[in-house]
Amino acid sequence: NRRCSSRAPGSRVPGVADATSSRRCWATDRRLLSSFMEAQSSVTVPRAPALSGWFLGSVGVLAFSLSLPANALAVVGMSPVAVTVWRAGLAGILAAGYLAATRAPLPSRGWGSLVAAGLGVAVGFPLLASIALQSISPARAAVVLGMLPALTAVFARLLGGPSLPWTFWCAT
């Protein structure tokens with residue numbers, strides 16, 4: 001009876017006979033292995049985090065749904081420009097911290113598109129929403145924001161984008 005090996009295939013010293021085998025080892029019995037491990041391997045491959053994706057997506061939707069009421073409260077005491085600067089600054093600090101913690105590489109190209117998107121998301125939307133919330137209620141602003149995905153699809157189609165199925169248009 002041979003001993004169990006924790007070595008991955010190909011990790012033994014060249015020219016030396018394999019003294020151990022994981023084929024007959026009780027620890028590599030298929031019933032005992034996790035569903036993401038294989039016999040003959042000490043490497044685990046994590047599954048796609050589907051549940052955490054749904055959770056993070058739900059948290060994002062919840063946070064976004066609170067942005068208009070919080071913005072309406074903020075413009076009572078500050079100017080729309082100040083609200084925009086604080087929102088962009090806080091988001092920038094959080095994003096920089098996350099990117100530093102994950103050691104994400106900087107993009108090698110596409111800086112123009114990145115800057116344009118950043119100006120629209122971090123400056124344009126908050127500034128225009130703050131100005132609008134000085135004269136309309138957050139509930140009315142939410143109705144307009146709710147129409148944005150459908151209007152985006154309409155303009156994408158009008159500007160020559162791909163044709164969407166009729167079921168999409170019925171649902172919107």
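Computed from a predicted structure; not experimentally measured.

1. Re the overall build of the protein chain
Move 1: The number of helices and strands found in the protein chain is 6 helices and 0 strands.
Move 2: Seen in sequence order, the protein chain has helices and strands lined up from the N terminus as α-α-α-α-α-α.
Move 3: Within the protein chain, buried positions represent 12% of all 172 residues.
Move 4: Counting only contacts in the protein chain whose residues sit at least 6 apart along the sequence, the fraction spanning at least 24 positions is 46%.
Move 5: Accessible surface, the protein chain as shown: approximately 13,500 Å² in total, 69% of it carbon and sulfur.

2. Details of the environment of Leu127
Move 1: Relative to the assigned elements, Leu127 resides in helix α4 (residues 111-132).
Move 2: Note on Leu127: relative accessible area 25%, which makes it partly exposed.
Move 3: Leu127 sits 45 residues away from Ala82 along the chain, and the two C-alpha atoms are 9.0 Å apart.
Move 4: Sequence-distant contacts of Leu127, that is, excluding residues within four places in its chain, are made with Pro80, Val81 and Thr84.

What counts and what doesn't
- Residues numbered from 1 in each chain as written.
- Predicted model: local features only at pLDDT ≥ 70, side-chain atom pairs only at ≥ 80, totals over all residues.
- Heavy atoms only, no water.
- Helix = DSSP H or I, 4+ residues; strand = E, 2+ residues; numbered from the N terminus.
- Buried < 20%, exposed > 50% of the residue type's maximum accessible area, 1.4 Å probe, protein only.
- Contact = heavy atoms within 4.5 Å.
- Areas by Shrake-Rupley, 256 points an atom, 1.4 Å probe, with all protein chains shown as cover.

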